[in-house]
Amino acid sequence: MTAAPLPRPLYIGSAIYRNSSYGPKHPLAVPRVSVCTDLCTALGWLPEGTYREAPLAGVAELARFHDPAYLDVLQRAEATQSISDADRARYRVGADGNPIYKEVFRRPAISAGGVMLAARLTASGGIVHCPGGGTHHGRPDRAAGFCFLNDPVLGLLTWLDQGLTNIVYLDIDAHHGDGVQDAFHDDARVFTISIHEAGRWPFTGSAKDQAGGAARNFPVPAGCNDSEFAWLMRHAILPLIEARAPQAIMLQAGADGLEEDPLSRLSLSNNAHIAVVQAVMKLAPRLIVLGGGGYNPWTVGRCWAALWGTLNGWPIPDHLPPEAEAGLRALRYDRAAGRNPPAHWFTTLRDRPREGAVREEIKRLVALALKERLPA
Ligand SMILES: [Zn+2]
């Protein structure tokens, strides 16, 4: 534990993300964290002393949330690259889009180690960006939604174990942060807020679901634009956070709600994510920013790099330096959008804003969320 607040934001990454893939046909075939890290390096945004390598979390640390029998199964799956039919059916490893791949235990255990390190480093205050974290669907005893472990929950538990009693978890991934909400159901110490696309997997997180008072959910309609997102922030989410005056905020900044993402139908630009970071930085003495979903390597890498610059208060340049552009041009992406990528995916970090009308559905979500408690 550190005795003093961090003097400057820290970035936690890992070499493991560079060549790890869930398999060629999986949405997580693409590099993400390494794209972000390389962009930040090329921009001169990772000066001496700002980068930390995420440690591999030990089984005892992971067992703070996860079932030891499940951790055993994950380690065995990595060692043998196989799983029994009974274990597959029970633990959903090698099933439901949660493939057995080369680093199927180490990669999630390193992500968890990184987020737990972030919570330790911010014990007395500070900001940490940990783009490899954000596996918000992971369950105590099974894999779900490409997530084998739940690193946000493990990080939040690390904060709670330090004695914090008032934490906000804000999740702007296109999918509901179900694993985190359920882990802290009825727990007044962790208030979870999730903005996600309505009617999308895992099909939970309705506006009426307040997890016994410990959550608010904003299921937004397809096509949600920057103006609608800003409306939700201004009229509901920021007031909810301000009213709680939290000791710490964890932001899951999944990038799959961006317009070019293949797995959702939201129409945000990365200005939405940048604005969230700018707003929440001021609202608590401790902030951890995580990654999450995001399946287009250009939009994910550019978004998460822009968040790191924002956390440091650095201006985002209009044009990327040649080394950064070369790295983006070298990416391969085996989907339709990868065949003819627009120039701004190579030359800029910041998207053009995607503004539009604010639909009535958005205003209704605000009204629902601000009611103190809803009838069941
Ligand atoms: Zn997602």
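The structure we're discussing is the one just above.
> Before we move on, could you go through the overall build of the protein chain and cite the residues and values that matter?
Scanning the protein chain from N- to C-terminus turns up 14 helices and eight strands. For the protein chain, the C-alpha radius of gyration of 19 Å lies close to 21 Å, the compact-globule estimate for 376 residues. Taking the principal axes of its C-alpha atoms as reference, the protein chain extends roughly 55 × 50 × 45 Å. For the protein chain, the proportion of its 376 residues judged to be buried stands at 61%. Contacts in the protein chain between residues far apart in sequence, at least 24 positions, make up 79% of those at least 6 positions apart. About 14,500 Å² of surface is accessible on the protein chain, with carbon and sulfur atoms providing 53% of the total.

> Tell me what's going on with the layout of surface pockets, and back it up with residues and numbers.
Approximately 470 Å³ is the volume found for the largest pocket. As for the largest pocket, its lining consists of 31 residues, and the residues nearest its centre are Leu28, Gly145, Phe146, Cys147 and Tyr295. Considering every element that reaches the lining of the largest pocket, the biggest residue donor is helix 5 (residues 106-121), with three residues. Taken together, the residues of the lining of the largest pocket sort by class into 14 nonpolar, twelve polar and five charged.

> Can you tell me about the coordination of the zinc ion, naming the residues and giving the values?
For the zinc ion, every protein donor is listed as Asp173 (OD), His175 (ND1) and Asp256 (OD), and the spread of their distances is 1.9 to 2.1 Å. Positions of the donor residues of the zinc ion, expressed as sequence spacing, correspond to D-x1-H-x80-D. By the burial criterion, Asp173 is buried, and His175 matches it.

> Residues and numbers for helix 1 (residues 33-42), please.
Here helix 1 lies mainly inside the structure; eight of its ten residues are buried. Elements that come into contact with the buried residues of helix 1 comprise strand 1 (10-13), strand 2 (51-53), helix 10 (297-311) and helix 11 (322-329). Positive backbone phi, at 75°, marks Gly44, one or two positions downstream of helix 1.

> Talk me through the packing of aromatic side chains; I want residue IDs and the actual numbers.
Per the stated rule, a full pass over the model turns up twelve aromatic pairs. Ring centres of Tyr11 and Trp308 lie 5.4 Å apart, and the angle between their planes is 80°; on these two criteria the pair is classed as edge-to-face. Taken together, the residues Tyr11 in strand 1 and Trp308 in helix 10 connect sequence positions 297 residues apart. Take Tyr11 and Trp308: they sit in the same class, and that class is buried. Each member of the aromatic cluster is reached from another via a ring pair, and the members are Tyr11, Trp45, Tyr51, Trp308 and Trp314.

> Before we move on, can you summarise the environment of Leu320 with the specific residues and values?
Note that Leu320 resides in the loop between helix 10 and helix 11. Given a relative accessible area of 7%, Leu320 falls into the buried group. A sequence separation of 192 residues divides Leu320 from Val128, and the C-alpha atoms of the two residues are 24 Å apart. Look past the residues within four positions of Leu320 in its chain and what remains in contact with it is Leu39, Leu43, Glu325, Leu328, Phe346, Thr347, Thr348 and Leu349.

> Help me get a handle on the environment of Pro315, residues and values and all.
In this structure, Pro315 sits in the loop between helix 10 and helix 11. Along the chain, Pro315 and Ser21 lie 294 residues apart, while their C-alpha atoms are 32 Å from each other.

> Describe in detail the pattern of salt bridges, supporting the description with residues and values.
Counted according to the given criterion, the structure contains 19 salt bridges. For Glu78, the salt bridge identified is with Arg106, shortest N-O distance 2.8 Å. Linking Glu78 in helix 3 (residues 68-80) with Arg106 in helix 5, this pair joins segments that are 28 residues apart in sequence. Note on Glu78: relative accessible area 15%, which makes it buried. For the salt bridge of Asp182 with Arg139, the shortest nitrogen-to-oxygen distance reads 2.8 Å. Highlighted residues: Asp182 in helix 7 (residues 178-183) and Arg139 in the loop between strand 3 (126-130) and helix 6 (151-161), separated in sequence by 43 residues. Given a relative accessible area of 14%, Arg139 falls into the buried group. In the salt-bridge network here, residues are joined through shared partners; they are Asp72, Arg76 and Asp87.

> Pulling in residues and values, what's your account of helix 5?
Its 16 residues give helix 5 an end-to-end C-alpha distance of 22 Å, which sits within 8% of 22 Å, the value for a rise of 1.5 Å per residue. The buried fraction of helix 5 is high, at 14 of 16 residues.

> Any details on the state of the cysteines? Residues and values, ideally.
Within this structure, the stated rule accounts for zero disulfides. For the unlinked cysteine Cys40, the closest cysteine sulfur is that of Cys36, found at 4.2 Å. We note that Cys224 lacks a disulfide partner, and the nearest cysteine sulfur, in Cys303, lies 14 Å from it. The buried category is assigned to Cys224, whose relative accessible area is 1%.

Criteria and cut-off values
Residues numbered from 1 in each chain as written. Predicted model: local features only at pLDDT ≥ 70, side-chain atom pairs only at ≥ 80, totals over all residues. Heavy atoms only, no water. Helix = DSSP H or I, 4+ residues; strand = E, 2+ residues; numbered from the N terminus. Rg over C-alpha atoms; globule rule 2.2 N^0.38 Å. Buried < 20%, exposed > 50% of the residue type's maximum accessible area, 1.4 Å probe, protein only. Contact = heavy atoms within 4.5 Å. Areas by Shrake-Rupley, 256 points an atom, 1.4 Å probe, with all protein chains shown as cover. 1 Å grid on protein atoms, 1.4 Å probe; cavity = no way out; pocket = protein on both sides within 12 Å on 5 of 7 lines; lining within 4 Å. Points joined across faces, edges and corners; volume = space filled by probe spheres on them. Nonpolar A, V, L, I, M, F, W, Y, C, P; charged D, E, K, R; others polar. Donors = N, O, S within 2.8 Å, 3.2 Å for Na, K, Ca; no water. Phe/Tyr/Trp six-rings, centres within 6.5 Å; stacked < 30°, edge-to-face > 60°. Salt bridge = Lys/Arg side-chain N within 4 Å of Asp/Glu carboxyl O. Expected span 1.5 Å × (residues − 1). Disulfide = S-S within 2.5 Å.

By themselves, these observations are geometric and do not establish any function.
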